[in-house]
Amino acid sequence: MRKVTYSMGVSLDGYIVGPDGRFDWTAPDDEVFRLAIDEIRGVGVHLMGRRLYETMLYWETADEDPSLDDAMLEWTALWKPLPKVVFSSTLTELQGNARLASGSLAEEIERLRAEPADDEIAIGGATLAVQAADLGLIDEYRPRVFPVLVGGGIPFFTRHERRADLELIETRTFTSKVVALRYQVVR
């Protein structure tokens, strides 16, 4: 069965976006960007909300930018064809290889898990991730912890009184002092 993963950059105090709405502190260096490229290789479909979809639209045409380096071109080549499912009540049209969710988050994940595939179902964005976590649908958490305290904003771990026991399965520390963690949900 396909596993559901949640991977995002997070400040040491637990936020993916600061109180000012900025997340420029999550700009990855070459090593951390390579990790993101390696992770996306294992993804078969990416679920996201409207805000993340709109942020990631850049990558749908980024390969037209002559200033992109090889790693960014590699990311773009992986991202553009990747199927994306967008959860939004306001969007009516999408660009690229994306479709609007036709059911609830649980229904979409159930349908995707039933497909004969070994790749992962990635969830992006804190709002969608908290819904999946509340439903017990996330199998693996992959925070990339950046050495910064932002003091508030949108939290990575927004949970509503639901305990999840986790097993640490990998830790990587980069020269930039970013720490990548992988935790598997114990079932």
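Everything here concerns the structure above.
We now turn to the structure provided with this report. (Residues numbered from 1 in each chain as written. Predicted model: local features only at pLDDT ≥ 70, side-chain atom pairs only at ≥ 80, totals over all residues. Heavy atoms only, no water.)

**Concerning the nonpolar core**
Then, in step 1: Core analysis: the biggest nonpolar cluster contains 27 residues, and Y6, L47, I123 and I138 have the highest contact counts within it.
Then, in step 2: Ranked by residues supplied to this core, first place goes to helix 6 (residues 126-134) with 5 residues.
Then, in step 3: Apart from the residues lying within four places of it in its own chain, the contact partners of Y6 are I16, I123, G125, A126, A129, I138, E140, Y141, R142 and F156.
Then, in step 4: Core analysis: the second largest hydrophobic core is formed by 19 residues, M56, A62, L68 and L82 among them. (Core = buried A, V, L, I, M, F, W, Y, C linked by side-chain atoms within 4.5 Å. Buried < 20%, exposed > 50% of the residue type's maximum accessible area, 1.4 Å probe, protein only. Helix = DSSP H or I, 4+ residues; strand = E, 2+ residues; numbered from the N terminus. Contact = heavy atoms within 4.5 Å.)

**Structural notes on the sheet that holds strand 9 (residues 166-173)**
Then, in step 1: Reading across from one edge, 5-4-3-6-1-7-10-9 is the order of the 8 strands in this open sheet, with mixed pairing throughout. Bordering the open sheet on either side are strand 5 (98-100) and strand 9, each of which pairs with just one other strand. Neighbour to neighbour, the strand axes of the sheet diverge by 25 degrees on average, direction disregarded.
Then, in step 2: Sheet topology places strand 1 (residues 4-11) next to strand 7 (residues 140-146); 7 bridges connect them, and they run parallel. Residue pairing for strand 7: S7 is matched across the bridge by R142.
Then, in step 3: Along the sheet, helix 6 contacts strand 1, strand 3 (43-49), strand 4 (84-87), strand 6 (120-124) and strand 7; its crossing angle with strand 6, the most-contacted strand, is approximately 125 degrees. (Pairing = 2+ DSSP bridges. Axes fitted to C-alpha atoms, helices over the stretch in contact; angles between N-to-C directions.)

**A word on helix 1 (residues 30-41)**
Then, in step 1: Along its 12 residues, helix 1 runs 17 Å from first to last C-alpha, staying within 8% of the 16 Å computed at 1.5 Å per residue.
Then, in step 2: Between a side-chain oxygen at the N-terminus of helix 1 and the backbone nitrogen of E31 the separation is 3.2 Å; the capping residue is D29. (Expected span 1.5 Å × (residues − 1). Polar contact = N/O pair within 3.5 Å; in protein donor to acceptor, adjacent residues only side chain to side chain.)

**Some words on the pattern of salt bridges**
Then, in step 1: Across all of its chains, the model carries 20 salt bridges by this definition.
Then, in step 2: Across the pair E54 and R50 runs a salt bridge whose closest N-O atoms are separated by 2.8 Å. Residue E54 and its partner R50 are both found in helix 2 (residues 50-56); the two are separated by 4 residues, about one turn of the helix.
Then, in step 3: Among the ionic contacts, a cluster of salt bridges with common partners joins K3, E120, E140, R142, E170 and R182. (Salt bridge = Lys/Arg side-chain N within 4 Å of Asp/Glu carboxyl O.)

**Looking at helix 4 (residues 70-79)**
Then, in step 1: Listed as buried for helix 4 are W75, T76 and W79. Buried residues of helix 4 fall within an arc of 100 degrees about the axis and therefore sit on the same side. Set apart from the buried face of helix 4 by more than 90 degrees, the exposed residues are D70 and A77.
Then, in step 2: Structurally, helix 4 contributes buried residues whose contacts are with helix 1, strand 3, helix 2, helix 3 (58-61) and strand 4.
Then, in step 3: N-capping of helix 4 is provided by D69, with a side-chain oxygen placed 3.2 Å from the backbone N of A71. (Arc of directions from axis to C-beta.)

**Quick notes on unusual backbone geometry**
Then, in step 1: The phi angle at K177 is positive, at roughly 75 degrees, despite the residue not being glycine.
Then, in step 2: Its location among the elements puts K177 in the loop between strand 9 and strand 10 (179-185).

**Quick look at the environment of E39**
Then, in step 1: Among the structural elements, E39 can be located in helix 1.
Then, in step 2: Taking C-alpha positions, E39 is 21 Å from G14, a pair spaced 25 residues apart along the chain.
Then, in step 3: In contact with E39, not counting residues within four places along its chain, are S7, R142 and R144.
Then, in step 4: Polar side-chain contacts of E39 include one of 2.7 Å to the side chain of S7.

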